[in-house]
Amino acid sequence: MSFASLHFLIFILLYLFLINIFKKNWKFISIIFSLFFYSYWRLILCLLLVFSVLQTYTIGYLVYNNKNSKTYLITGVITSLIILFIFKYFNFFISDLANIDLKNTIFSKIILPIGISFYTFQSISYLIDIYKKKIKPTNLKNLFIFIIFFPQLVAGPIVRARKLIPQIERGIKINFNNYKKGLMLILWGYFLKLCVSNNLDAYVSSVYNFIGESNTPTLFVTAIFYSFLIYADFCGYSLIAIGILKMLGFNIPANFLTPYFSTNLTEFWRRWHISLSKFLRDYLYIPLGGNKNGFINTLRNIIIVMTIGGLWHGASLNFILWGFLHGIFLSIERIFNKININLNIPIIGIIYVFLLVTILWIPFSISNFNDLIVFINIFNLKDILNFSQIIEKFYVVQNLLLIFILIVLDMVFSKKNLVKIKNNYFLLGFTFIFILGLIITFGIFDEKKFIYFQF
């Protein structure tokens, strides 16, 4: 069930109605609604989701109550990663890389469960936090909500157990102030998805689906559009998820902080998909040694972590290449910092980061490696500014207008300004009407899935 669907609107209104009527039973209602939400894609995969929760609950109890806690922790983490590997990566490594034919076998029928990467990481963070004595095991009902709660089940944000579980144990806080905050975030999220993401996606898909028939200026514009497409799509989802949780009184940190205003790539990764960046830092980069074992090992760790981060996004050489290249350029920045070369020049830095990230999005955005080769063969820097060749100029102009609105509103809707808007009923009403007007004017209501649902 997509957030951008009429079914979800009915679903969320019914959910909010029931938990307002039966506040004491909100956990039971939330679990039932979350399972229904997930089963909307494929009922059988709910069994895997429930197994993941039960396995995490059991291992968490054993980690906390036994002397051999490290053994149980390793068992729990490996079990979770094996499940993730089988459903997400087995066919890629065996069929694509090892070139073993899996047709007419049980493995050819493996279906990728939506959101498996996200709820696997949530489970692992819970076990590690118990092992490090940062939290105590919670009861099964609370753990179900932590792992499968529908607002952030299929695409995050990845919330730490020590941040969310205490809030779940405390219970919901439904009041007018929380509804105001939540609705503002949700409305802004829907603008990003329905207006910016869906319009850009229509153009990007029309080009990348027939990439061999394109030309350099069109590919250049499409690559720029994809940078804003994936930002609007994923940031939009995150805002809707955070907004729903805010309406219930849960405080979830922002997942994006205007990343395209970064002046270097390191800063970009502090402001882009923040929950994943912090997870990789705390649970992979630091355990590998971080920056404590010499400069060369630090660079190695950066490249390893970013390559694994690329693989986390999907079983594809393109994702691995995307992550690896980010690791390389982050390492180059470290080298420049080491020799005291300052790259943090405000305007130039912002342009540099945006162009670099846009180039690196190209293997991420193209579905397979062969199409990436076609892209590279077609692209010619001499023709890049020959805008007369651009396909469907009207839609290009419309999308540029939406991007301009997005950039302006991203600057206006800073955290400080949002507080002012929330506390002023005139500004609040004007903001609601203005964004609704944009959604009605530019929105594409075709229930397109969010990009990160596939991860």
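A short tour of the structure in this document, coming up. (Residues numbered from 1 in each chain as written. Predicted model: local features only at pLDDT ≥ 70, side-chain atom pairs only at ≥ 80, totals over all residues. Heavy atoms only, no water.)

For the rest of this paragraph, the subject is the overall build of the protein. Of regular secondary structure, the protein possesses 18 helices and zero strands. Taking 455 residues into account, the globule formula puts the C-alpha radius of gyration at 23 Å, and the protein, at 23 Å, falls close to it. Viewed in the frame of its principal axes, the protein has a C-alpha envelope of about 65 × 55 × 55 Å. Here the protein holds 455 residues, and 53% of them are scored as buried. Put simply, of all contacts in the protein between residues at least 6 apart along the chain, 77% involve residues at least 24 apart. Accessible area for the protein stands at about 21400 Å²; split by element, carbon and sulfur atoms hold 68% of it. (Helix = DSSP H or I, 4+ residues; strand = E, 2+ residues; numbered from the N terminus. Rg over C-alpha atoms; globule rule 2.2 N^0.38 Å. Buried < 20%, exposed > 50% of the residue type's maximum accessible area, 1.4 Å probe, protein only. Contact = heavy atoms within 4.5 Å. Areas by Shrake-Rupley, 256 points an atom, 1.4 Å probe, with all protein chains shown as cover.)

Time to look at the pattern of salt bridges. Evaluated as defined, the whole model comprises five salt bridges. The salt bridge involving D129 is made with R162; its shortest N-O contact spans 2.9 Å. Taken together, the positions of D129 in helix α5 (residues 116–131) and R162 in helix α7 (residues 161–170) put the pair 33 residues apart, joining distant regions of the chain. Classification of D129 by relative accessible area gives buried; the value is 0%. Among the ionic pairs, D233 bridges to K193, the shortest N-O distance being 2.9 Å. Highlighted residues: D233 in helix α9 (residues 216–247) and K193 in helix α8 (residues 176–208), separated in sequence by 40 residues. For D233, a relative accessible area of 2% puts it in the buried group. Exposure remark for K193: the relative accessible area of 1% places this residue in the buried category. Where salt bridges share partners, they join R160, R281 and D282 into one cluster. (Salt bridge = Lys/Arg side-chain N within 4 Å of Asp/Glu carboxyl O.)

Core analysis: the biggest nonpolar cluster contains 140 residues, and Y15, F191 and Y260 have the highest contact counts within it. Among the elements that line this core, the one with the most residues is α9, at 21 residues. Among residues more than four places away in sequence, those in contact with Y260 are S227, F228, I230, Y231, F268, W272, I350, F354, V357 and W361. (Core = buried A, V, L, I, M, F, W, Y, C linked by side-chain atoms within 4.5 Å.)

Here N386 is to be found in the loop between α15 (369–378) and α16 (393–412). Judged by its relative accessible area of 30%, N386 falls in the partly exposed class. C-alpha of N386 to C-alpha of G236: the two residues are 150 residues apart in sequence and 33 Å apart in space.

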